[in-house]
Amino acid sequence: MTASLQARPAGLKKPGFQMTRRTRESLTGYLFVMPWIISLLVFTAYPMLSSFFFSMTEYTILTPPNWIGFQNFDVMFSKDPLYWKSVANTVYYVVLSVPLGLGVGLGLALLLNQKIGGIGIYRTAFYLPGLVPAVASTLLWMVLLDPRLGLVNAGLKAIGLEPVGWLKSATWAKPALIVMALWGGSGSSMLIFLAALKEIPQSLTEAAMIDGANSWQRFWSVTVPLLSPTILFNLVMSIIGSFQIFASAFITGAGPLNSILMYMLHLYRYAFRYFNMGYASAMALVMFFVLVLFTLLVIRSSSYWVHYETSGRQ
Amino acid sequence: MSERRESVSSVSRRDFLRAAGMAGGAALLAACAPQATQVAAPTTEPNKADQPAAEPTKADQPAAPSGEQVTIAWWNQFVTPLCNELFPKIVADFEAKHPNIKVEFELTGGPPGGGDYIEVLMARIAAGNPPESITLWSPPSQFGARGALLAIDDLMASAELAKTGSFYESPIKSCMWKGKTYGLPASAGDGCIMINKGMFEAAGISSKREDFPTTWEGVKELAQKLTQVENNEVKVAGFVPWTQAWLKDVWSGLNGGQLFDADEVKYTINTDNNVELLEYWLSYLDDLYGGDYEKFNLIATWGDVYPGGAFNLGVEAMDMTGTWGCTDGEVPFDWEVVKFPVGPKGTKSLTGFWPNWWALPKGVTKPNEAWLFSEYMCTEGWVTWYVEGTMDIPAWKNAPRDAYTKLVEKKYGTERAKDLNKFFLDYLPDTVEMWTSPIEDFATDTYNQALDEVMHKVKSPAEALASAQEICEAKLQETLKSFE
């Protein structure tokens with residue numbers, strides 16, 4: 001094409017804006033992704049940038065924001081008595097729910113990777129809770145965990161254990177939320193682990209067997225290293241998801257002595273119940289940086305424990 | 001040659017993204033511009049009581065010319081099966097009275113399209129396209145103070161039905177902030193104690209209204225007699241007085257106290273009266289119910305008279321409710337309503353109220369039609385609701401005094417329906433001031449937290465209330481400053 005253009009007499013050259021094929025292709029590509037770019041700009045980037053701005057303002061939604069500098073952060077860190085309570089509750093939740101969620105997801109994936117009859121039914125059954133909307137699953141668990149009428153306490157009584165107050169107890173409310181999260185969230189991590197397990201070459205396991213490795217050694221030295229990129233992915237997603245726990249905390253409320261007042265619930269209350277969007281934006285900004293920090297730490301640490309089959313240790 | 005041509009005519013990624021960004025920004029600005037002008041009015045100085053609202057709120061502005069059809073939107077915050085049955089009829093009555101106004105409404109309890117009612121409503125008000133008329137379950141004073149609602153004093157001054165002074169004093173005060181009125185109370189729904197007559201009679205106690213104790217101490221003694229404990233487990237509780245958050249101001253008032261002083265615009269939470277109140281409540285837990293709050297909470301769902309609750313199930317001899325409990329409670333046994341007892345520092349029995357409020361959001365485009373509808377719903381329309389539907393007593397003083405709820409009549413007879421109507425009407429002037437704070441929800445949450453700490457014995461009543469006072473007052477001052 002270039003040759004033909006060069007051969008074309010100058011007088012026959014098409015007037016106006018000329019584009020090369022490469023430019024046209026680039027433009028077409030950009031046009032195809034344009035809906036996503038516009039959506040990103042309007043619904044993600046703009047609100048995020050606005051939130052950064054609002055975090056430095058006093059903003060009640062209905063009146064224009066007033067610039068107050070770092071005052072919201074000062075209130076947050078030194079004057080809001082429930083802020084640190086919500087942080088502590090959320091950290092407790094993350095520290096327990098993330099490893100438990102990964103462990104249960106991996107355990108289920110290993111069980112469902114067996115060649116037994118009707119395995120498809122089991123896989124479906126274990127994945128289904130993940131499809132239940134958070135609101136519905138929370139309401140379901142609130143019934144199950146009802147101290148007087150719930151099936152969970154009935155089960156405890158049946159085996160001779162004392163019933164527990166669950167969501168009505170300052171001690172048991174957080175574990176109750178973690179149980180809910182395990183039920184609803186393990187299915188999706190299980191599915192990802194299961195897909196990764198299917199990708200592990202049988203030959204490696206067989207070679208380990210020939211070398212005399214027992215089942216634990218095969219799991220620890222062959223399966224886990226090959227699963228490590230998937231573990232990394234699930235870990236990052238779980239950390240982000242757990243820090244942002246909202247639906248179940250919103251429905252169950254803050255609990256006795258604010259024992260399940262989670263960070264996002266506290267933020268939501270300030271935004272939409274107390275109409276202090278500036279303070280809520282400041283809280284969101286802190287959460288954003290915390291998540292970025294944790295994600296970077298995890299990704300940075302991955303060079304020590306994540307094994308990529310194609311290029312060895314990264 | 002080809003390289004030169006390419007460098008001349010190609011669009012680099014950077015150029016393209018820059019152009020796309022500019023186009024997006026321009027589109028965004030264009031989309032925002034008309035809305036921004038609509039909100040401009042409330043965003044200037046929204047809370048100056050002496051400044052008139054920017055929208056055409058004057059009653060002397062004519063409604064749409066006769067014959068010209070005007071459609072207004074009404075959002076309702078609550079939904080019951082009765083809403084679906086009765087509200088269309090009441091709206092039809094209004095439309096018959098005002099043939100040029102058509103009311104579009106959705107009785108889902110949430111905004112059209114779903115979502116949290118207040119969240120979506122605030123967004124719509126901020127965006128400048130609110131519905132014309134709204135119901136609220138949180139006080140208009142709180143929203144009015146923030147510039148979310150239209151001041152309706154001018155409209156009330158020349159109104160046919162909802163004139164200034166035609167509502168009971170405390171309910172209308174819950175709509176006011178700094179002398180301006182931002183809504184109307186449709187119902188007053190004053191509170192009471194409901195007693196299980198069978199339990200009283202089984203214990204050899206008179207269940208007559210006039211024989212009910214009038215003091216805190218008397219009621220506690222009664223509750224002790226009615227409480228049943230077997231093997232250190234509470235089987236039946238006489239009375240659990242701390243369970244209804246909306247009545248916290250009433251209990252404070254019963255002991256001569258107050259939680260928020262609307263006239264002085266300050267919190268008065270940590271007074272001796274209120275400390276004494278929490279000590280009184282705590283004494284129930286310790287003296288009657290074993291002292292362990294969480295263990296006690298495992299016995300039943302305490303609070304109100306609805307199905308599934310302790311009172312309705314016969315696990316509690318007395319509980320508190322509003323007038324609506326007479327119909328909505330569906331109490332399956334013989335019951336009676338009595339007045340609240342007076343505390344040691346109190347002087348008379350007082351009650352509280354929890355209205356369904358009607359308001360006009362700032363930015364409504366048809367304020368006069370919206371006003372006519374809101375006015376109707378809080379006056380004649382609500383009388384229909386009271387008679388034909390739920391026993392939620394009207395806050396409108398001109399409602400017929402002999403009106404009573406048919407559902408009560410059908411279930412308990414005409415005399416009983418009349419008697420209940422009279423009891424609540426007579427009690428209504430004795431309501432405490434409540435729902436008047438611009439940080440009502442924040443203060444309620446903070447007070448409940450203090451109560452929770454006291455009942456869990458994490459803090460003493462004095463410590464908890466001192467902390468609540470400090471938090472609420474700081475928040476109040478911060479909020480007031482933001483209004484300046």
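Residues numbered from 1 in each chain as written. Chains lettered and ligands numbered in written order. Predicted model: local features only at pLDDT ≥ 70, side-chain atom pairs only at ≥ 80, totals over all residues.

Quick look at the overall build of chain B
Looking only at helices and strands, chain B has 19 helices and 14 strands in total. For chain B, buried positions account for 48% of its 484 residues. Taking the intrachain contacts of chain B between residues at least 6 apart in sequence as the baseline, contacts between residues at least 24 apart amount to 74%. (Helix = DSSP H or I, 4+ residues; strand = E, 2+ residues; numbered from the N terminus. Buried ≥ 20, exposed ≤ 12 C-beta atoms within 10 Å, placed from the backbone. Contact = placed C-beta atoms within 7 Å.)

Remarks on the overall build of chain A
Counting its regular elements, chain A contains 13 helices and four strands. Against the globule reference of 20 Å for 314 residues, chain A gives a C-alpha radius of gyration of 27 Å, more extended than a compact globule. Dimensions of chain A, computed from the C-alpha atoms along their principal axes, are close to 95 × 70 × 35 Å. Across the 314 residues of chain A, 30% fall into the buried class. Residue pairs in contact within chain A that sit at least 24 positions apart in sequence constitute 68% of those at least 6 positions apart. (Rg over C-alpha atoms; globule rule 2.2 N^0.38 Å.)

Regarding the confidence of the model for chain A
In the predicted model, chain A carries a mean pLDDT of 91, and 93% of its residues have values of at least 70. Across residues 1-5 of chain A the pLDDT falls below 50, and counting only partners more than four positions away or on other chains, this stretch makes two contacts in the model. (pLDDT = per-residue confidence, 0-100.)

Notes on the pairing of strand β1 (residues 70-75) of chain B
Across a regular strand the side chains alternate sides, sitting on one face of the sheet and then on the other. All names here are of chain B. Bridging between β1 and strand β2 (residues 101-106) involves six bridges; their strand directions are parallel. Across the sheet, V70 pairs through a bridge with I101, a residue of β2. Regarding topology, helix α3 (residues 81-97) serves as the crossover connection from β1 to the parallel β2, and that connection is right-handed. By the bridge criterion, two bridges tie β1 to strand β3 (residues 133-136) in an arrangement that is parallel. (Pairing = 2+ DSSP bridges. Right-handed = clockwise from strand over helix to strand, strands pointing away.)

Section: the environment of T444 of chain B
Residues and elements named next belong to chain B. Within the fold, T444 resides in helix α18 (residues 440-455). Classification of T444 by C-beta neighbours within 10 Å gives buried; the count is 20. When the C-alpha atoms of T444 and C472 are compared, they prove to be 9.4 Å apart, with 28 residues separating the residues in sequence.

Overview of the domain arrangement of chain B
By convention, interface size is frequently given as the accessible area that disappears when the constituent parts associate. Residues and elements named next belong to chain B. Under the domain assignment used here, chain B contains domain 1 (70-189 + 354-425) and domain 2 (191-350 + 439-483). Look at where the C-alpha atoms of domain 1 and domain 2 centre, and you get two points 28 Å apart. Every contact between the two is made by 17 residues of domain 1 and, on the other side, twelve residues of domain 2. The element best represented in the side of domain 1 that touches domain 2 is helix α17 (residues 414-427), accounting for three residues. Each residue belonging to the side of domain 1 that touches domain 2 can be placed in one class, and the counts come to ten nonpolar, five polar and two charged. (Domains from an automatic or database assignment. Nonpolar A, V, L, I, M, F, W, Y, C, P; charged D, E, K, R; others polar.)

What to know about the confidence of the model for chain B
Residue and element names in this part refer to chain B. The share of residues in chain B with pLDDT of 70 or more is 86%, and the mean pLDDT across the chain is 88. Taken together, the stretch residues 24-62 has pLDDT below 50 and engages in 52 contacts with residues farther than four places along the chain or on a different chain. The ipTM for the predicted assembly is 0.83, set against a pTM of 0.84.

What to know about the packing of helix α6 (residues 134-144) of chain A against helix α8 (residues 173-199) of chain A
Residue and element names in this part refer to chain A. Closest axis-to-axis distance for the α6/α8 pair is 10 Å, and the angle between their directions is 135 degrees. Considered as vectors, α6 and α8 are oriented oblique to each other. In the packing of α6 onto α8, the handedness of the crossing is right-handed. On the side of α6, the interface is formed by A134, S137, T138 and W141, while α8 contributes M180, W183 and G184. (Axes fitted to C-alpha atoms, helices over the stretch in contact; angles between N-to-C directions. Parallel < 35°, antiparallel > 145°, perpendicular 65-115°, else oblique. Left-handed = near helix turned anticlockwise from the far one by under 90°.)

Section: the sheet that holds strand β12 (residues 316-322) of chain B
All names here are of chain B. With respect to topology, five strands assemble into an open sheet ordered β8-β9-β12-β7-β13, the strand pairing being mixed. Of all the strands in the sheet, just β8 (228-230) and β13 (335-338) have a single pairing partner and so form its edges. Adjacent strand axes in the sheet meet at a mean angle of 30 degrees, parallel and antiparallel pairs treated alike. Packed on one face of the sheet, helix α9 (residues 216-226) meets β9 (233-239) and β12 and runs near 145 degrees to β9.

Observations concerning the sheet that holds β3 of chain B
Residue and element names in this part refer to chain B. The strand order across the open sheet built from five strands is β2-β1-β3-β14-β6, with neighbouring strands paired in mixed fashion. Of all the strands in the sheet, the pair left with one neighbour each is β2 and β6 (184-185). Of the strand pairs in this sheet, β3 and strand β14 (residues 357-359) are connected by three bridges, and their pairing is antiparallel. Bridge pairing links L136 to W357 in β14. Sheet contacts for helix α14 (residues 367-377): β1, β2, β3, β6 and β14; angle to β1, the most-contacted strand, approximately 50 degrees.

Looking at α9 of chain B
Residue and element names in this part refer to chain B. Among all positions of α9, only W216, V219, K220, L222, A223 and L226 are buried. Around the axis of α9, the buried residues are gathered within 160 degrees of arc, so they sit on the same side. Packing partners of the buried residues in α9 comprise α8 (197-202), β9, α11 (272-288) and β12. (Arc of directions from axis to C-beta.)

Quick word on the pairing of strand β7 (residues 191-196) of chain B
Residue and element names in this part refer to chain B. Across the six residues of β7, five count as buried, placing the element largely inside the fold. Note that β7 and β12 share five bridges and pair antiparallel. Within the sheet, the bridge partner assigned to M194 lies in β12 and is D319. Summarising the sheet, β7 and β13 pair through four bridges and their orientation is antiparallel. Considered in β13, the bridge of N196 is made with W335.

Overview of the environment of K198 of chain A
Residues and elements named next belong to chain A. Inspection of the secondary structure puts K198 in helix α8. Take K198: there are 9 C-beta atoms within 10 Å of it, and that puts it in the exposed class. Along the backbone, K198 and I119 are 79 residues apart, and their C-alpha atoms lie at a distance of 14 Å.

Examining helix α4 (residues 117-127) of chain B
All names here are of chain B. Within the sequence span of α4, burial applies to Y117, I118, L121, M122, I125 and A126. Projected onto a plane normal to the axis of α4, the buried residues spread over an arc of 150 degrees and lie on a single side. Just downstream of α4, G128 is the residue with a positive phi angle, here 85 degrees.

Comments concerning the environment of G183 of chain B
All names here are of chain B. Tracing the backbone through its elements, the reader meets G183 in the loop between β5 (180-181) and β6. Owing to 28 C-beta atoms within 10 Å, G183 belongs among the buried residues under this scheme. Dropping the residues within four chain positions of it, G183 is found in contact with L136, P140, G144, L149, C175, W357, W358 and A359.

Section: unusual backbone geometry
Look at L257 of chain A: it is not a glycine, yet its phi comes out positive at around 50 degrees. Locating L257 of chain A in the fold gives a position in the loop between α11 (247-252) and α12 (263-273). Positive phi outside glycine occurs at K457 of chain B, with the angle close to 60 degrees. With respect to the helices, strands and loops of the structure, K457 of chain B is situated in the loop between α18 and α19 (461-483).

Focus: the packing of α3 of chain B against helix α15 (residues 380-388) of chain B
Residue and element names in this part refer to chain B. Two numbers describe how α3 lies on α15: the axes approach to 10 Å, and their chain directions differ by 145 degrees. α3 and α15 meet at a crossing whose hand is right-handed. Contact with α3, carried on its side by L86, I90, D93 and F94, involves G381, T384, W385 and E388 of α15 and no other residues of that element.

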